[in-house]
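Below are the chains, spelled out letter by letter.
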Amino acid sequence: MGAKRPASKSRARKRPPPRAKVRRSAAPAKKVSRAREEATARQQLAATAEILKVISESPTDAQPVFKKILAAAVRLCHAAEGAVFRFDGNLIHLAGTHNWSRKALKTRVPLFPRPPNPDVITDQVILSADVVRLADGLNSPHESQRAMAVAGGWRRMLGVPMLREGASIGAIVLAWPEPGKTPDQQVKLLQTFADQAVIAIENVRLFNETREALERQTATAEVLQVISSSVADTAPVFEKIIQSCQRLFRSGHAGIALIGDDGLMHLTQGIDTMNSADERIRTVARRIQAEFPRPVRDSIQGYAIHKRKVLHYPDVQHGADVPKGLRRSTELAGNHSVLFAPMLWEDKGIGAMQVVRNPPEPFTDKDISLLKTFADQAVIAIQNAKMFKETKEALEQQTATAEVLQVISSSVADTAPVFDKILDSCEQLFSASIFNLALVNEAGQLDVARLRFTALGRAQVGEDKVAAAHAS
């Protein structure tokens, strides 16, 4: 038998099982998928870092933050366009857009601010304070939403709310030209951006509140400083108060009305609006001033005193509770908002302050509280001046009495110096035209011992009559 021929090498080699090839091809695919996820995560982290940087650099303005958020959201979610909306509790405001067409900017921007419409996705997000996904705007049950989708070329839409303490203060909305389901990852990413937008809004709000509080504290401190340095004169105090009102309340007009010794209401202004560069303001000021003085009971200032509280009329022309006389003022000044704060001393009305905004804009509770503070400071200034005047007059009277007694003691044998001193004191202490001192003679009749005309009396009577009176 011959020797066996060895098997060929090609026949001896075994082929690898088919599934080995599958394992070798699946590994690269997983690596690619993982690499994409990591790249996406890095992009999201980078975008978040950029937004946080803008937030730190813009403590007084949220608009740069909105702009950065929208650009990042549209890019990372592969959307066609996006927008940020603010909600003030009554109206929805358009706060920012990205990739809106010229046509959209022209036709849609003028629609804001507007009240919520529950048929529109943006408004649904705000009203529900929850995420709203729309797979296809053309299939929406709401006609207005379908019309908007056609006009904007949208199909798929996503909206997430901007929440502060659980309440909706706005929304971020993205749109895509194709229909489909919105991935959860895009929802989570947009929610992160919405949270950052809220941080920006809160930063601006807190900054503005702190600044406003400081400005108001500074203003009240400045008024108190003027009060302390102007004890005898209320004019500088009133002027400082009016200036503060016009600055802090964005008021075109502020005034102080006081009840005079005649019992009438008199209009007093620290700043003369007659010198305003606006002719309309000068005209209104002239007409308003022409109505004063007037009886207290017929004035809106008197009504504020009667009510013992600050009166707020946000819309003088259309408000339901506006007195007829005040509503008529819109014929002169146009529609406006106004505050009236009574000035009270020991529960007695002595006047009222007022601030006006034109065009109308409601005043806040902080505005009302600040105006009341200014009214109280004006009362302090008035009482300081009154007490200063009374103290000064009492001192002058005591001094005059002492001087007369001194002349009496040094002129025991002669009454003439005493009479002259008495008339000198009367002329200093009393506002009059003529002073005379008469004595009863032995016949029981009055003899004029001294007759004196003041400068005012001479001007009123004339020098010839003055000479004739002295001669007689």
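Residues numbered from 1 in each chain as written. Predicted model: local features only at pLDDT ≥ 70, side-chain atom pairs only at ≥ 80, totals over all residues. Heavy atoms only, no water.

Brief notes about the overall build of the protein
Logical step 1: Across its full length, the protein carries 16 helices and 13 strands.
Logical step 2: For the protein, the accessible area works out to roughly 28100 Å², and carbon and sulfur atoms hold 54% of it. (Helix = DSSP H or I, 4+ residues; strand = E, 2+ residues; numbered from the N terminus. Areas by Shrake-Rupley, 256 points an atom, 1.4 Å probe, with all protein chains shown as cover.)

Comments concerning the packing of aromatic side chains
Logical step 1: Per the counting criterion, the structure on display carries 2 aromatic pairs.
Logical step 2: Between Phe85 and Phe112 the ring centres are 5.6 Å apart and the planes differ by 40°, which places this aromatic pair in the tilted class. On the criterion of sequence distance, the pair formed by Phe85 in strand S1 (residues 81-87) and Phe112 in the loop between helix H4 (102-108) and helix H5 (121-128) is long-range, its members being 27 residues apart.
Logical step 3: What makes Phe85 buried here is its relative accessible area of 4%.
Logical step 4: Residue Phe112 is classed as buried on the basis of its relative accessible area of 16%.
Logical step 5: Taking 6.3 Å as the distance between ring centres and 90° as the angle between the ring planes, the aromatic pair formed by Phe249 and Phe363 counts as edge-to-face. With Phe249 in the loop between helix H8 (235-248) and strand S6 (253-259) and Phe363 in the loop between strand S11 (348-357) and helix H13 (365-410), this pair connects stretches of sequence that are 114 residues apart. You'll find Phe249 and Phe363 in the same group, each marked buried. (Phe/Tyr/Trp six-rings, centres within 6.5 Å; stacked < 30°, edge-to-face > 60°. Buried < 20%, exposed > 50% of the residue type's maximum accessible area, 1.4 Å probe, protein only.)

Some words on unusual backbone geometry
Logical step 1: Cis geometry marks the peptide bond from Phe112 to Pro113; its omega dihedral reads -5°.
Logical step 2: When you line up the elements, Pro113 lands in the loop between H4 and H5.
Logical step 3: Across the junction of Asn358 and Pro359, the peptide omega takes the value 5°, indicating a cis bond.
Logical step 4: Mapped onto the secondary structure, Pro359 falls in the loop between S11 and H13.
Logical step 5: The phi torsion at Asp347 lies on the positive side, around 65°, for a residue other than glycine.

A short note on the sheet that holds strand S3 (residues 132-134)
Logical step 1: Pairing within the open sheet is antiparallel, and its 5 strands lie in the order S2-S1-S5-S4-S3. On the outer flanks of this sheet lie strand S2 (92-98) and S3, each paired with one strand and no other. Pairs of neighbouring strands in the sheet enclose a mean axial angle of 15°, with direction left out of account.
Logical step 2: Alignment of S1 against strand S5 (residues 167-176), held across 6 bridges, turns out to be antiparallel. (Pairing = 2+ DSSP bridges. Axes fitted to C-alpha atoms, helices over the stretch in contact; angles between N-to-C directions.)

Remarks on the nonpolar core
Logical step 1: With 34 residues, the main nonpolar core has Met162, Ile172, Leu174, Leu190 and Phe193 as its most contacted residues.
Logical step 2: Looking at this core, the elements with two or more residues in it are helix H2 (18-57), helix H3 (63-76), strand S4 (156-164), S5 and helix H7 (184-229).
Logical step 3: By residue number, the principal contributor to this core is H7, which donates 10 residues.
Logical step 4: Leave out the neighbours within four places in its chain, and Ile172 touches Ile69, Leu70, Ala83, Val84, Leu158, Gly159, Val160, Met162, Leu190, Phe193, Ala194 and Ala197.
Logical step 5: Core analysis: the next-biggest nonpolar cluster, separate from the first, contains 30 residues, Ile241, Phe249, Val355 and Ala375 among them. (Core = buried A, V, L, I, M, F, W, Y, C linked by side-chain atoms within 4.5 Å. Contact = heavy atoms within 4.5 Å.)

Observations concerning the pairing of strand S13 (residues 446-453)
Logical step 1: Relative to S13, strand S12 (residues 434-440) runs antiparallel, the two sharing 7 bridges. Directly across from Leu437, in S13, lies its bridge partner Arg450.
Logical step 2: Following S12, the chain reverses through 5 residues before pairing antiparallel with S13; Gly444 in that reversal takes a positive phi of roughly 80°.

Brief notes about the sheet that holds S11
Logical step 1: Strand order in the open sheet formed by 6 strands is S8-S7-S6-S11-S10-S9, and the pairing between neighbours is antiparallel. Looking at which strands have only one partner, the edges of the open sheet turn out to be strand S8 (294-295) and strand S9 (311-313).
Logical step 2: By the bridge criterion, 9 bridges tie strand S10 (residues 337-345) to S11 in an arrangement that is antiparallel. When the sheet's bridge partners are listed, Val338 is paired in S11 with Val356.

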